[in-house]
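Inside the fold
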Amino acid sequence: MTSPTTPRCWLMKSEPDTFSIDDLERQRKTPWEGVRNYQARNHMRDDMQVGDAVLFYHSSTTPPAVVGLARVASSPYPDPSALDRKSPYFDPKSKPEDPRWILVDVAFVEKLPVPVPLERLRDDPALRGILVAQKGQRLSVQPVERAHFEHIAALAGATRLADLLPATKR
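Residues numbered from 1 in each chain as written. Predicted model: local features only at pLDDT ≥ 70, side-chain atom pairs only at ≥ 80, totals over all residues. Heavy atoms only, no water.

1. Considering the overall build of the protein
Looking only at helices and strands, one finds 5 helices and 8 strands in the protein. The linear arrangement of helices and strands in the protein, starting from the amino end, is β-α-β-α-β-β-β-β-β-α-β-α-α. In terms of C-alpha radius of gyration, the protein reaches 16 Å, essentially the compact-globule figure of 15 Å for 170 residues. Oriented by its inertia axes, the alpha-carbon framework of the protein measures out at about 45 × 35 × 30 Å. Burial status across the protein gives 45% buried among its 170 residues. Look at the contacts in the protein between residues 6 or more apart in sequence, and 72% of them connect residues 24 or more apart. Approximately 9,200 Å² of the protein is accessible, and the part contributed by carbon and sulfur atoms is 50%. If you average the places of the 24 positive and of the 22 negative side-chain charges in the protein, the two averages end up 2 Å apart. (Helix = DSSP H or I, 4+ residues; strand = E, 2+ residues; numbered from the N terminus. Rg over C-alpha atoms; globule rule 2.2 N^0.38 Å. Buried < 20%, exposed > 50% of the residue type's maximum accessible area, 1.4 Å probe, protein only. Contact = heavy atoms within 4.5 Å. Areas by Shrake-Rupley, 256 points an atom, 1.4 Å probe, with all protein chains shown as cover. Lys, Arg positive; Asp, Glu negative; His and termini not counted. Charge placed at Lys NZ, Arg CZ, Asp CG, Glu CD.)

2. Here we look at unusual backbone geometry
For the bond from T62 to P63, the omega torsion is -10°, close enough to zero to count as cis. Inspection of the secondary structure puts P63 in the loop between β3 (53-58) and β4 (65-72). Positioned with a positive phi, R28 is a non-glycine residue whose angle comes to about 75°. Its location among the elements puts R28 in the loop between α1 (21-27) and β2 (29-31). For R28, a relative accessible area of 44% gives the class partly exposed.

3. Digging into the packing of aromatic side chains
In the structure shown here, the tally under the stated rule is 3 aromatic pairs. On the numbers, 6.5 Å between centres and 85° between planes, the contact of F19 with W32 is edge-to-face. With F19 in the loop between β1 (9-14) and α1 and W32 in the loop between β2 and α2 (38-47), this pair connects stretches of sequence that are 13 residues apart. With respect to class, F19 is no different from W32; both count as buried. A ring pair is formed by W32 and F56, whose centres lie 5.6 Å apart and whose planes are at 90°; its orientation type is edge-to-face. Placement of the pair is W32 in the loop between β2 and α2 and F56 in strand β3, with a sequence separation of 24 residues. Across the pair, exposure class does not vary: W32 and F56 are buried alike. Here the basic side chain of R41 rests over the ring of W101, its NZ or CZ set 5.8 Å away from the ring centre. (Phe/Tyr/Trp six-rings, centres within 6.5 Å; stacked < 30°, edge-to-face > 60°. Lys NZ or Arg CZ within 6 Å of the ring centre and 35° of its normal.)

4. Regarding the sheet that holds β4
Overall, mixed pairing links the 6 strands, which are arranged β2-β7-β4-β3-β1-β8 in an open sheet. At either end of the open sheet lies a strand with only one pairing partner, and these are β2 and β8 (141-143). Mean inter-strand twist for the sheet, computed between neighbouring axes without regard to direction, equals 35°. Against the sheet, α2 contacts β1 and β8, and its axis sits at roughly 60° relative to β8. (Pairing = 2+ DSSP bridges. Axes fitted to C-alpha atoms, helices over the stretch in contact; angles between N-to-C directions.)

5. Remarks on the side chain of K13
Structurally, the position occupied by K13 is in strand β1. Of the buried charged residues, K13 lacks a salt bridge, with E15 as the closest side chain of opposite charge at 9.4 Å. A distance of 3.2 Å separates a polar atom in the side chain of K13 from the backbone oxygen of Q137. When residues no more than four places from it in sequence are discounted, the contact partners of K13 are W32, Y57, S59, V132, Q137, R138, L139, S140 and Q142. (Salt bridge = Lys/Arg side-chain N within 4 Å of Asp/Glu carboxyl O. Polar contact = N/O pair within 3.5 Å; in protein donor to acceptor, adjacent residues only side chain to side chain.)

6. Overview of the pairing of strand β7 (residues 105-117)
Examined bridge by bridge, β2 and β7 share 3 bridges and lie antiparallel to one another. If you follow K29 over to β7, its bridge partner there is A107. As paired strands, β4 and β7 are joined by 7 bridges and run antiparallel to one another. The partner of R71 across the bridge, within β7, is A107.

None of the figures reported here should be taken as evidence of function without further support.
Here's what the structure looks like:
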């Protein structure tokens, strides 16, 4: 169990033609707008904390893969795109006084030297139980066990893992 001061680990999906790890690297930090799934929203609203570690995952591409590391860079706040009639994420049921959709800011940490494709996540016994590898799992924001996060970072040749996850005391 993590304490309030121990970073939690997450996987956040984005379609690279919509927003890629290269886009995040250029922007350095971005609001994670447009999440329109209640469970994913609840993870951001109720569970994410500033400093939490993020695996950046490219979905709806060939092959889908973990391609970067990021961190949660803000507390949750209302997603303004839900109120913007010109936005593809507009939701007429969301109201300023009662926001339905929430987001967090996400900051770039590292583009991974070696992407870790979904097939590898599914086939690796050390990643048994990771949500993203389960058939039919489409949730765009999902928790990841720290051991899984560290294993994926090692497979990918990550160089900035220590910046995200301080060493655990043994």
